[in-house]
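Overview (structure and organization)
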Amino acid sequence: MNELEQTGLATMRDCWITGGTAFDLAPAAWKEIAGGASPDERERLLLAIAAQALDVGLRPAAPKSLKRRPPLPRLGLPLLPERLRPLLRAALKNTADARRKARVATLVAGRGYVLHPMDWMPSASDQNSPDIYAPWIDWQASVEGLKIAPQEQLTVQNWDDFYPAARRIALTEMRRRDPATARSLMEAKAPGEPAEVRLALIELMHFGLTPEDAPFLKSLATDRSGKVQELASRLLARLGEHGRVGGGADDPVAELAAFIAEGKSGFIRRRTTYTPAKLKSPAQEKRRAELFETCNLVDLASRFGVSEPDFIAAWQFGADNNADIQISRMVAASGSDAAVTQMADTLIAEGGKPALFVLHLTPRLDSRRKRVLVRLILKDTPQYISALTLAEGFEANWLEWPDMTNGQGLAALRSAVAGDDDAMKRTADDLLETMGFLATAATGEKLIEHVVAAGMPPAAASLAFLRLNAALTGTNT
């Protein structure tokens, strides 16, 4: 509608406002439509036509920066039933960050549903959401329009037809099923990707990692990204490949070894021990932490002339809490699979506070060991029950009620809820959120009853995740 037509419509509108008639002011085409009617009826007809014209012709134009996007992809599971959405929104509102919101989505996916996009939407860079949301992540990442990933297997030829999330899922599955083919794809396509994408691709190499991957990982020593080089070095270390062989005064492994005291224990059967040296300043503490973060376990053990298992077996846990945490993280990042499981089994068998260091190994542990760890903390170390809030990489929906009652864990939680210590109450709130993820529906329902009986208000926000869990009683029910 041009400016002259808009002025004409405004004049007709003014006539109607003042009680007059506008037939003589109407465009010729409108007069032809309304001319055969009575005077009153033709005014009503013109008013209807004008209203339509104003509604359509004067509608604000969309800004040129606005882009038309394809419809949001339909996911492979049904939407969460409408009756449960208020519980879901309460659970999401009470979670502190994107990682915890993804845990809510993970539990719901485990019970057979996906969330409504108006309640929650993964971001384009989301790496923690369930795989079922990959089409939404790629939809978020798309700018000009979503491409539909081919249904056939990912290949060099159709690589660019996949968006990052769909490609990550395809490569993950391929690494588990056919690691050599997945590695060949990465060798061919990763060099052309940006650094952050290369890093994400190389991280997938830990699925099905074998010595056959070593040549490719060694070739990444000259990658343009320092982060990619470091990640490749850590993966090689898991295979027993030494990263540093210098051994000179400037060698960081030698520098780290200087922070560790080698000794002997036992009167009859003398055995070697490795104990963190006493530090003299915060600067030394900082430097040691940096070295533990950048050096690899296999290089450190070799520096002392022993194997990874021998080094871990001789490490004196309990002498320095910070050093214990740092070496646990080093083992998780660069230790072989055997070293990781050996350390986890040793610490779990020892129990007590040392078992908590296994929490740093959980990204490398199988489901059975993770569950053993959680049950051990609940059963034997109620004073450290708050450590469960650090649990990462665990599966949802498996903690049974006997796991809660087999020991002092539930009593410790109830005591924190009933007490007057604000810090303990906040810890209890965080722990209840963790339990909302780990517990079965039946366990969630019973846990709500117990903490309410201990004094928590039934409508407390910290129970939101558990309430959602308890209401999700089964797959698609």
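Report on the accompanying structure. Numbers given for residues are sequential positions, taken from 1 along each chain in its written order. Local features are withheld for residues below a pLDDT of 70 in this predicted model, meaning they are given only at 70 or higher, and side-chain atom pairs are given and counted only at 80 or more; totals for whole chains, interfaces and linings count all residues. As a rule here, side-chain values cover all heavy atoms of the structure and leave hydrogens and water aside.

What about the overall build of the protein?
Secondary structure elements follow DSSP: runs of H or I of four or more residues count as helices, runs of E of two or more count as strands, with numbering from the N terminus. Counting secondary structure elements, the protein contains 23 helices and two strands. The C-alpha radius of gyration computed for the protein amounts to 32 Å, which surpasses the reference 23 Å derived for 477 residues by more than 25%, pointing to a less compact arrangement than a globule. With the C-alpha coordinates aligned to their principal axes, the bounding extent of the protein is approximately 120 × 60 × 45 Å. Out of the 477 residues in the protein, the part that is buried amounts to 42%. Contact criterion: two residues are considered in contact whenever any of their non-hydrogen atoms come within 4.5 Å of each other. The contacts of the protein with a sequence gap of at least 6 include a subset with a gap of at least 24, amounting to 63%. Per-residue and other accessible areas were derived by the Shrake-Rupley procedure at a 1.4 Å probe size, with only the shown protein chains allowed to occlude residues. Accessible surface, the protein: about 24600 Å² in total, of which carbon and sulfur atoms supply 54%. His is not counted here, nor are the chain ends, while Lys and Arg score as positive and Asp and Glu score as negative. Taken as the charge centre is NZ of Lys, CZ of Arg, CG of Asp or CD of Glu, depending on the residue. Seen as two clouds, the 58 positive and the 59 negative side-chain charges of the protein have centres 3 Å apart. C-alpha atoms define the radius of gyration, and 2.2 Å times the number of residues to the power 0.38 defines the globule rule. Throughout, exposure labels follow a simple rule: accessible area from a 1.4 Å probe, protein chains only, divided by the maximum for the residue type, with under 20% read as buried, over 50% as exposed, and the rest as partly exposed.

Points about the pattern of salt bridges
What makes a salt bridge here is a side-chain nitrogen of Lys or Arg within 4 Å of a carboxyl oxygen of Asp or Glu, nothing more. Throughout the structure, instances matching the rule amount to 22 salt bridges. With its nearest N and O atoms 2.8 Å apart, the salt bridge here joins Asp213 to Arg175. Taken together, the residues Asp213 in the loop between α9 (195-203) and α10 (214-219) and Arg175 in helix α7 (residues 164-177) connect sequence positions 38 residues apart. One exposure class covers both Asp213 and Arg175, and it is buried. The closest approach of N and O atoms between Asp223 and Arg198, which form a salt bridge, is 2.8 Å. In this pair, Asp223 sits in the loop between α10 and α11 (226-238) while Arg198 sits in helix α9, placing the two residues 25 residues apart along the sequence. Take Asp223: its relative accessible area is 12%, and that puts it in the buried class. By relative accessible area, Arg198 is classed as buried at 3%. Connected through salt bridges with shared partners, the residues Glu82, Arg85, Arg89 and Asp119 form a single ionic network.

Points about the packing of helix α4 (residues 85-94) against helix α23 (residues 464-471)
Direction vectors running N to C along α4 and α23 enclose 150°, while the axes themselves pass 8 Å from each other. Crossing of α4 against α23: the hand is left-handed. Within the contact between the two elements, α4 uses Leu87, Leu88, Ala90, Ala91 and Asn94 and α23 uses Ala464, Phe465, Arg467, Leu468 and Ala471. Three classes are used: nonpolar for Ala, Val, Leu, Ile, Met, Phe, Trp, Tyr, Cys and Pro, charged for Asp, Glu, Lys and Arg, and polar for all others, with Gly counted as polar. A breakdown of the residues in the contact of α4 with α23 according to their chemical character gives eight nonpolar, one polar and one charged. Helix axes are fitted only over the stretch in contact, all axes being lines through C-alpha atoms; the angle between N-to-C directions runs from 0 to 180 degrees. In this scheme the handedness of a crossing depends on how the near helix is turned from the far one: anticlockwise by less than a right angle means left-handed, clockwise means right-handed.

Let's talk about the side chain of Glu433
Within the element layout of this structure, Glu433 appears in helix α21 (residues 422-438). Taking relative accessible area as the criterion, Glu433 reaches 4% and is therefore assigned buried. Polar contact is defined as a pair of N or O atoms within 3.5 Å, subject to the rule that within protein one atom must be able to donate a hydrogen and the other to accept it, and that residues adjacent in sequence are counted only when both atoms are side-chain atoms. Reaching out from Glu433, the side chain makes a polar contact with the side chain of Arg100 at a distance of 3.4 Å. Beyond its immediate chain neighbours, meaning those up to four positions away, Glu433 contacts Asn94, Thr95, Arg100, Arg103 and Phe465.

Some details on helix α13 (residues 282-294)
The end-to-end C-alpha distance of α13, which contains 13 residues, comes to 19 Å, matching closely the 18 Å that a straight helix rising 1.5 Å per residue would cover. Within the sequence span of α13, burial applies to Arg288, Leu291 and Phe292. Looking straight down α13, one finds its buried side chains confined to an arc of 100°; they lie on one side. Opposite the buried face of α13, by more than 90 degrees, sit the exposed residues Pro282, Ala283, Lys286 and Glu293. In the core, the buried residues of α13 are packed alongside α11, α12 (252-257), β1 (260-265), β2 (271-276), α14 (297-303) and α16 (321-334). In this analysis, the expected span of each helix is defined as 1.5 Å times one less than the number of residues it contains. It is the directions from the helix axis to the C-beta atoms whose arc is reported.

A closer look at the environment of Ala232
Structurally, the position occupied by Ala232 is in helix α11. Between the alpha carbons of Ala232 and Leu209 there is a distance of 12 Å; along the sequence they are 23 residues apart. Beyond its immediate sequence surroundings of up to four residues, Ala232 is in contact with Leu217 and Leu220.

Observations regarding the nonpolar core
Nonpolar core, defined: a set of buried Ala, Val, Leu, Ile, Met, Phe, Trp, Tyr and Cys residues in which side-chain atoms within 4.5 Å join the residues together. If you look at the biggest cluster of nonpolar residues, it comprises 90 residues, and the most contacted ones within it are Val108, Leu300, Phe311, Trp315, Met435 and Leu447. The contact partners of Leu447, leaving out residues within four places of it in the chain, are Trp401, Met404, Leu410, Leu413, Leu432, Met435 and Leu466. In terms of nonpolar packing, the next biggest core, distinct from the first, is built from 25 residues, Leu154, Met174, Leu204 and Leu235 among them.

Considerations on α11
For α11, which comprises 13 residues, the first-to-last C-alpha distance of 19 Å matches the rise-based estimate of 18 Å (1.5 Å per residue) to within 8%. Residues of α11 that are buried include every one of Val228, Leu231, Ala232, Arg234, Leu235, Leu236, Ala237 and Arg238, and no others. As for α11, its buried residues are in contact with α9, α10, α13, α14, α15 (308-314) and α16. The opening residue of α11 is Ser225, an N-cap whose side-chain oxygen sits 3.2 Å from the backbone nitrogen of Lys227. In the stretch just after α11, Gly240 is the one whose phi turns positive, near 90°.

Some thoughts on unusual backbone geometry
A positive phi angle, near 65°, is found at Asn397, a position not held by glycine. Tracing the sequence through the fold places Asn397 in the loop between α18 (367-380) and α19 (401-405). Owing to a relative accessible area of 30%, Asn397 belongs among the partly exposed residues under this scheme.

Description of the environment of Arg74
For Arg74, the location among the structural elements is in the loop between α3 (39-57) and α4. Between the C-alpha atom of Arg74 and that of Leu154, which follows or precedes it by 80 residues, the distance is 21 Å.

Topic: the packing of aromatic side chains
Any two rings among Phe, Tyr and Trp, with Trp reduced to its six-membered ring, count as a pair given centres within 6.5 Å; such a pair is stacked if its planes are under 30 degrees apart, edge-to-face if over 60, and tilted if neither. Per the counting criterion, the structure on display carries eight aromatic pairs. Think of it as a cone above the ring: NZ of Lys or CZ of Arg counts as a charge over the ring if it is within 6 Å of the ring centre and within 35 degrees of the ring normal. Geometry around Phe437 places Arg103 over its ring, the cationic atom sitting 5.2 Å from the centre.

Some words on the side chain of Asp213
With a relative accessible area of 0%, Asp213 lands in the buried category. A polar contact of 2.8 Å, which involves the side chain of Asp213, links it to the side chain of Arg175. Side chain to side chain, Asp213 and Arg183 meet in a polar contact 2.6 Å long.

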